[in-house]
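# A look at the structure
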Amino acid sequence: MRFLSTALSIAVAGGLLAGCAGSPSSPSGPPIMSVQGHPVYSVYDDVAPARAVTLLHALATPDKVKATSGIYVSLFDGSDLLGYAADNKANKKPICTVTGVSSVNDVAVDGKGDMIDPDGGSGYVIVHKGPTMCGKEAGLIQDSYGQPSDASSADAITGKIAVGNIFDTGSAPGSISICTLKGGCTANLTNKDMLEAGGVAMANNGDCWDNAKENTTTGQPVLLWFKGCAGGGKVATGFKSTYYGGIDIDNKGNLVIIDEMALAVYIYSGCNPACKLVGGPFALKAESFFGKLNKANTDYAAVDRTDGVVDVYSYSTKGIKYEYQFSNGLTASLAPEGVAQDPRSQQ
């Protein structure tokens, strides 16, 4: 996709859910929201048609036995976030569901097991309390800077959340919003080399990276490093990807980055700003944009949107090898895109 000039505008209707009160960041319940006359954007170069969206979020349907580990999958053209068992070789149905979501590109889990929904259709970032899968809503933040499409945080409830905006409001290129549940989104990180913000990652030391599409000079993707998740960022050197994609951080601090066009994963150390390639490129089974590691860094899950399945691989810096896939409850027509493992990699 080339740059789309259609303005992205999030409008919030005046009413609140019946029986709920408080500011948008209150955990008592989200307001009714709608996207009025403007499309939202997918990382897969899709533009969703203009539509009105009524968001009734925080309606979780958990399994009977409260699961504290598993895999979340988001559906860009669906209204649910699905939670699966961590080991789903048997291709079982979801163990829990969060309903009422809208145009979700990626989904994230923080270092404490809280789930983060960067809800593109509503323009809110919504946090669900862990470590139970599909836990109750802990709070939500209106992202006034753009369309939230990815997120990363060590502690989403009390700390900072880095929110990747695929595009900003109006015709502006993408950015990273720095937000907290208590204070909202108070900073917006931009860079002249960022057009569309792709995968975003925040390290435990507070640094942030964004794999952006595309450098306006060369037409190539860039990896941007923001020290302390602040400032204008620097372009990482030694970055070899041919197209943008998702980012995760392994337990040695390496960046694990998908090249969506090449169907491959690169593993880098450093990138602050000089990158050193320590693994890859390792071939993926199919087209994936986002991929995430489990806590032990033994498994790497990536969504194959074309076939509507989740592929699970073994992981090491010496190789990423396909193990199995699951698809129960998924379909390509709902555009599965994002994935998160709970508990996540501890970096």
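In the block above lies the structure referred to throughout.
These remarks concern the structure in this document. Note that the structure is a prediction, hence the values are computed from the model and not measured.

### Observations regarding the overall build of the protein chain
Across its full length, the protein chain holds zero helices and 27 strands. Here the protein chain holds 347 residues, and 58% of them are scored as buried. Contacts spanning at least 24 positions in sequence make up 54% of the contacts within the protein chain whose residues lie at least 6 apart.

### What about the sheet that holds strand S26 (residues 319-326)?
Each strand in a sheet pairs with its neighbour through backbone hydrogen bonds, running either in the same direction (parallel) or in the opposite one (antiparallel). Pairing is antiparallel across the open sheet formed by four strands, whose spatial order is S23-S24-S25-S26. The two strands at the open ends of the sheet, each matched to only one other strand, are strand S23 (291-293) and S26. Ignoring strand direction, the axes of neighbouring strands in this sheet form an average angle of 25°. Examined bridge by bridge, strand S24 (residues 299-304) and strand S25 (residues 309-316) share six bridges and lie antiparallel to one another. When the sheet's bridge partners are listed, valine 303 is paired in S25 with valine 310.

### Section: the packing of aromatic side chains
Scanning the entire structure with this criterion turns up 10 aromatic pairs. Summarising the aromatic geometry, the rings of tyrosine 84 and phenylalanine 326 are spaced 4.7 Å apart at their centres and angled 45° between planes, so their arrangement reads as tilted. Placement of the pair is tyrosine 84 in strand S5 (residues 80-84) and phenylalanine 326 in strand S26, with a sequence separation of 242 residues. Take tyrosine 84: its relative accessible area is 0%, and that puts it in the buried class. Among the aromatic residues, those joined into a ring-pair cluster are Tyr44, Tyr243, Tyr244, Phe289 and Phe290. The side chain of lysine 285 reaches across the aromatic face of tyrosine 322, ending 5.3 Å from its centre.

### Description of the state of the cysteines
One pass over the full model with this rule turns up four disulfides. Here cysteine 96 engages in a disulfide with cysteine 134; their sulfurs sit 2.1 Å apart. Disulfide cysteine 96-cysteine 134: the torsion about the S-S bond is 70°, which places it as right-handed. Taken as a pair, cysteine 96 in strand S6 (residues 96-99) and cysteine 134 in the loop between strand S9 (124-128) and strand S10 (137-142) lie far apart in primary sequence, 38 residues in all. We classify cysteine 96 as buried; its relative accessible area is 1%. For cysteine 134, a relative accessible area of 4% translates into the label buried. The residue that forms a disulfide with cysteine 179 is cysteine 185, at a sulfur-sulfur distance of 2.1 Å.

Procedures and definitions
Residues numbered from 1 in each chain as written. Predicted model: local features only at pLDDT ≥ 70, side-chain atom pairs only at ≥ 80, totals over all residues. Heavy atoms only, no water. Helix = DSSP H or I, 4+ residues; strand = E, 2+ residues; numbered from the N terminus. Buried < 20%, exposed > 50% of the residue type's maximum accessible area, 1.4 Å probe, protein only. Contact = heavy atoms within 4.5 Å. Pairing = 2+ DSSP bridges. Axes fitted to C-alpha atoms, helices over the stretch in contact; angles between N-to-C directions. Phe/Tyr/Trp six-rings, centres within 6.5 Å; stacked < 30°, edge-to-face > 60°. Lys NZ or Arg CZ within 6 Å of the ring centre and 35° of its normal. Disulfide = S-S within 2.5 Å.

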